[in-house]
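Tertiary structure, described
Residues per chain, in single letters:
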Amino acid sequence: MEYFFGLLALIVIIFVMMGVTVVQQGFVFTIERFGRYTYSAQPGLTVIIPFFDRVGRKVNVMEQVLDIPGQEIITKDNAMVGVDAVVFFQVLDAAKAAYEVSDLYVAIMQITTTNLRTVMGSMDLDETLSKHDDINGRLLSVVDHATSPWGVKITRVEVKDIRPPADISNAMARQMKAEREKRAQILEAEGMRAAEILRAEGEKQGAILQAEGRKEAAFRDAEAREREAEAEAKATVMVSDSIATSGTQALNYFIAQKYTEAISQFATSPNAKTILFPVEATQLIGTLGGIGELAKEALAPKEK
């Protein structure tokens, strides 16, 4: 009897242990009763009825990445390009992901590949090489809409690499080189043009300043000559007045002064060794006498 109760207790323990299931974090288990889905077990401890219930699918609900194998795509302008892509997705409904599609990963891969061909096939080669963001956005919208009945959320679709044919790559490299050389020549020409403009502006400013300088110098020279002429005119007037008032004695004074200055210049000349004067001594004495008479008249007291 004791043996029977012990065996019964062992069977109960085994039965309870068979009904206890632990769901790992990041997964959701589907529970089936007699082969039919009943509910989804969340992470943690879950108790099921042995022999009646069983774990159907273990669905990964973490964000996952699916690598899309490389493939050849013909663009709108009949260029063959190789494309690699990746898809990031997350299961939001474990029951739909488990029972609405046979193989979730293969289904996502195939639908992404198909739409990748459709999107890039409607674009020119230049567009496929320059509009990665547009391609990614269109693929994300289409694939996410197509996989939503499976309880899947497509978070991102990224085109990793686009490989144009070798001849097109070489042509693009030559075109890029030509464009760079063109830009370099344009920049060099613009630099030379700017330098010539600056040089011409500098020469223009220099010519203007030189002209202004010559104008100012001519004005100063004219002003100096005008003042010299005014002084000469005043001196002539004074001499004329002096001659008119003093008669020949004043005239003799000025003649003697000029005569004396001329003789002094001959005497101070470095090349003059001998000086001959073709004049009579009495003329110089008379002139000096006239000067003396002028001095006497000037120094004599005036009559009151």
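So, a few notes on the structure that sits alongside this text. Quantities reported herein were computed from a predicted structural model and do not represent experimental measurements.

1. Quick look at the nonpolar core
Counting residues in each nonpolar core, the largest one holds 34 residues, and the members touching the most others are L104, I108, L116, M120 and V152. Elements with a minimum of two residues in this core: β6 (64–74), β7 (80–91), α2 (94–99), α3 (104–121), α5 (132–147) and β8 (152–163). Here this core takes seven residues from α3, the largest share from any one element. In contact with M120, not counting residues within four places along its chain, are I73, T75, K76, V81, V83, T128, I135 and I162. Within the second largest apolar cluster, five residues are counted, among which are V23, F29, I31 and I48.

2. Some words on unusual backbone geometry
Positioned with a positive phi, F51 is a non-glycine residue whose angle comes to about 70°. Tracing the sequence through the fold places F51 in the loop between β4 (44–47) and β5 (53–60). Although it is not a glycine, N78 sits at a positive phi angle of roughly 65°. Among the secondary structure elements, N78 is positioned in the loop between β6 and β7. Note on N78: relative accessible area 68%, which makes it exposed.

3. Re the environment of V143
Within the secondary structure, V143 sits in helix α5. Spatially, the C-alpha atom of V143 lies 9.9 Å from that of M109, the residues being 34 residues apart in sequence. If we ignore the near neighbours within four places in the chain, the residues touching V143 are I111, T112, N115 and I154.

4. A look at α5
An α-helical turn contains 3.6 residues, so a residue and the one three or four places further along point in the same direction. Here α5 spans 22 Å end to end across 16 residues, near enough to the 22 Å set by a 1.5 Å rise per residue. The set of residues buried in α5 consists of I135, N136, L139, V143, D144 and T147. Down the axis, α5 shows its buried residues gathered within 140° of arc, on one side only. Residues of α5 that are exposed and point more than 90 degrees away from the buried face comprise D133 and H145. Tucked into the core, α5 has its buried residues touching α3, α4 (125–130) and β8.

5. Looking at the sheet that holds strand β3 (residues 36–41)
The three strands lie next to each other as β3-β2-β5, forming an open sheet whose pairing is antiparallel. The open sheet has two edge strands with one neighbour each: β3 and β5. The mean angle between the axes of side-by-side strands here comes to 30°, regardless of whether they run parallel or antiparallel. Two elements, strand β2 (residues 27–33) and β3, share five bridges in a ladder whose sense is antiparallel. Looking at the pairing, I31 lines up with Y39 of β3.

Conventions adopted
Residues numbered from 1 in each chain as written. Predicted model: local features only at pLDDT ≥ 70, side-chain atom pairs only at ≥ 80, totals over all residues. Heavy atoms only, no water. Core = buried A, V, L, I, M, F, W, Y, C linked by side-chain atoms within 4.5 Å. Buried < 20%, exposed > 50% of the residue type's maximum accessible area, 1.4 Å probe, protein only. Helix = DSSP H or I, 4+ residues; strand = E, 2+ residues; numbered from the N terminus. Contact = heavy atoms within 4.5 Å. Expected span 1.5 Å × (residues − 1). Arc of directions from axis to C-beta. Pairing = 2+ DSSP bridges. Axes fitted to C-alpha atoms, helices over the stretch in contact; angles between N-to-C directions.

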